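# Secondary and tertiary structure notes
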Amino acid sequence: MRAWQVHRNAAPREALRLTDVDEPTPGAGELRLRVHAAAIGRPDAFLCHGTYAFRPELPFVAGQEVCGTVDAVGEGVDPALVGSRLMVVTNFYDGRGGFAEATIARADTAYRVPDDMGDAEAAAFRIGYSTAWIGLVRRGHLEPGERLLVLGAAGGSGAAAVSLGRALGAEVLAVVSGPEKAELCRRLGAHTVIDRTTHDVPAAALDTTGGAGVDVVYDPVGGPAADATVRGLAPGGRLLAVGFASGAWVRPDTAELVRRNVSLVGVFAGGLPRAENEADHEALLALRADGRLRDATTAVAFDDLPDALETVDAGEAVGKLVLRFPEPC
């Protein structure tokens, strides 16, 4: 089968090589899927650079999230799943990721895909929206009418938070760089867009809210820009540490947290039991069925993965890029 392998730790264009490899075999508790679409994320770039928490042995296949059809199952997995179209989180951490014509996933990472959901949307749905749900609902306790500031709002993770925040009844302030990203966030339902290249974000948040500040900051970016958002929080506000696309986690001044009576809240999407994940997934699909969640995906040809991942790595992608696989002959 064809697969994009990371052959050395470098920028994506230098790290990735299109090769022919043997098809993977599912082990106990695992599924094999024929990949229809694979979402492209910043962690995939970190995997190329060798700076992610997981570092599979070279060469390996990256790609965390896919939509595909099950064609084989391992021991202990219901054989009735063969033929099912599912969205999954792949075994990218051991090098059997989704940037290949077939991939491996644990059965407990697989979730149903509604018949009316396309492959690209499904590939990008699970990680982005489940993380946003855990952050905004389970950890951030976002209430209707509260004000939500989303950093990196035009990226894959941020776009999901913008869309979900609007669906939950929040007033959404989206932080972006440039007019194209601003337009995407308006389409996703943001009430206010702040261009970080021309405005001081905390000051703009205070100005937009009449000096009251925002109730929740959703931060998939980290770094000094995220640290500064504490100045824009309202009393009782919550700064959600979701990710580190900048390369560094948010590290706000503790004294500032205390003075403002606000909280730093960690968000980890991998720590819930299956039953709770299922409940969250169905709640999200119900919002989508009602037309309250909006798709922010853009398809990319299979052969163009290195260029697409470079765009993501540089923070220049608008919305969520998804690798489109050729139709089988």
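Keep in mind that this is a model prediction, so the values were computed, not measured.

Here we take up helix 4 (residues 156–167). Here helix 4 spans 17 Å end to end across 12 residues, near enough to the 16 Å set by a 1.5 Å rise per residue. Those residues of helix 4 not exposed but buried are G158, A159, A160, A161, V162, S163, L164, G165 and A167. Of the surrounding secondary structure, the elements contacted by the buried residues of helix 4 are helix 3 (119–139), strand 8 (147–150), strand 9 (171–176), helix 5 (179–188), strand 11 (214–219) and helix 9 (274–289). Phi turns positive one or two residues past the end of helix 4, at G169, with a value near 90°.

A few words on the pattern of salt bridges. Enumeration over the complete set of coordinates arrives at 25 salt bridges. The salt bridge involving R2 is made with E101; its shortest N-O contact spans 3.7 Å. Taken as a pair, R2 in strand 1 (residues 2–6) and E101 in the loop between strand 6 (85–90) and strand 7 (102–112) lie far apart in primary sequence, 99 residues in all. Residue D71 is joined to R32 by a salt bridge in which the shortest nitrogen-to-oxygen separation is 2.9 Å. With D71 in strand 5 (residues 65–73) and R32 in strand 3 (residues 30–39), the pair connects residues that are 39 residues apart, well separated along the chain. By sharing partners, the salt bridges in this structure join E23, R32, R34 and D71 into a single network.

Strands sit in the order 2-1-4 across an open sheet of 3 strands; the sheet is antiparallel. This sheet does not close on itself; its edge strands, each paired only once, are strand 2 (16–20) and strand 4 (60–61). Pairing of strand 1 with strand 2 involves 5 bridges; the strand directions are antiparallel. Across the sheet, the residue bridging to A3 is T19, located in strand 2.

When helix 2 (residues 42–49) is considered as a whole, its buried residues turn out to be D44, A45, F46, L47 and C48. Each element contacted by the buried residues of helix 2 is listed here: strand 1, helix 1 (12–15), strand 2, strand 3, strand 4 and helix 10 (305–313). Immediately beyond the C-terminal end of helix 2, within one or two residues, lies G50, with a positive phi of roughly 80°.

Below, the discussion takes up the sheet that holds strand 12 (residues 233–241). Read across the sheet, 6 strands follow the order 10-9-8-11-12-13 without closing on themselves; strand pairing throughout is parallel. Edge positions in the sheet fall to strand 10 (192–195) and strand 13 (263–266), since each has one partner strand and no second. Taken over all neighbouring pairs, the strand axes of this sheet differ in orientation by 20° on average, direction set aside. Pairing of strand 12 with strand 13, which is carried by 4 bridges, proceeds in the parallel orientation. By the bridge assignment, L239 is partnered in strand 13 with L264.

Given two aromatic rings, their pairing is described by the distance between the two centres and the angle made by the two planes. Scanning the entire structure with this criterion turns up 10 aromatic pairs. With 6.4 Å between their ring centres and 50° between their planes, Y52 and F92 make a pair best called tilted. In this pair, Y52 is assigned in the loop between helix 2 and strand 4 and F92 in the loop between strand 6 and strand 7, connecting sequence segments 40 residues apart. Residues Y52 and F92 agree in their burial class; the two are buried. Look at F125 and Y129: their rings are 4.8 Å apart centre to centre, the planes differ by 35°, and that puts the pair in the tilted class. With F125 and Y129 both in helix 3 and 4 residues apart, the pair spans about one turn of that helix. For the pair shown, F125 and Y129 are each scored as buried. Cation over ring: R126 sits above Y111, and NZ or CZ is 3.8 Å from the ring centre. One residue, R274, lies across the ring of Y111, its end atom 3.9 Å from the ring centre.

Here we come to unusual backbone geometry. A cis amide bond links L58 with the next residue in sequence, P59, at an omega value of -15°. Residue placement: P59 occurs in the loop between helix 2 and strand 4. Within the chain, H141 stands out as a residue other than glycine whose phi angle is a positive 50°. Note on placement: H141 falls in the loop between helix 3 and strand 8. Backbone geometry at N261 places phi at a positive 60°, although glycine is not the residue there. Note that N261 resides in the loop between helix 8 (254–260) and strand 13. According to the relative accessible area criterion, N261 is exposed, its value standing at 61%.

Rules used throughout
Residue positions are given per chain, counted from 1 along the sequence in the order it is written. Residue-level local features of this predicted model are given only where pLDDT is at least 70; pairs of side-chain atoms are given and counted only at 80 or more, and the full residue set underlies all totals for whole chains, interfaces and linings. Working from all heavy atoms in the structure, the side-chain values ignore hydrogens and water. For the purposes of this entry, the term helix denotes a DSSP run of H or I that reaches at least four residues, the term strand denotes a run of E that reaches at least two, and both are numbered from the N terminus. A helix is expected to span 1.5 Å for every residue after the first. Each residue is placed in one exposure class: buried if its accessible area under a 1.4 Å probe, protein chains only, is under 20% of its type's maximum, exposed if it is over 50%, and partly exposed if it falls in between. Any two residues having at least one pair of non-hydrogen atoms within 4.5 Å are treated as being in contact. Each reported salt bridge corresponds to a side-chain nitrogen of Lys or Arg within 4 Å of a carboxyl oxygen of Asp or Glu. A pair of strands is considered paired only if DSSP assigns at least 2 bridges between the two. Axes here refer to lines fitted to C-alpha atoms; in helices the fit is confined to the stretch in contact. Angles between the N-to-C directions go from 0 to 180 degrees. Planes of paired rings set the category: under 30 degrees apart is stacked, over 60 is edge-to-face and the rest tilted, where pairs are Phe, Tyr or Trp rings (Trp by its six-membered ring) whose centres lie within 6.5 Å. Look at NZ for Lys and CZ for Arg. If either is within 6 Å of the ring centre and within 35 degrees of the ring normal, a charge sits over the ring.

Geometric descriptors of this kind do not, in isolation, establish any biological role.
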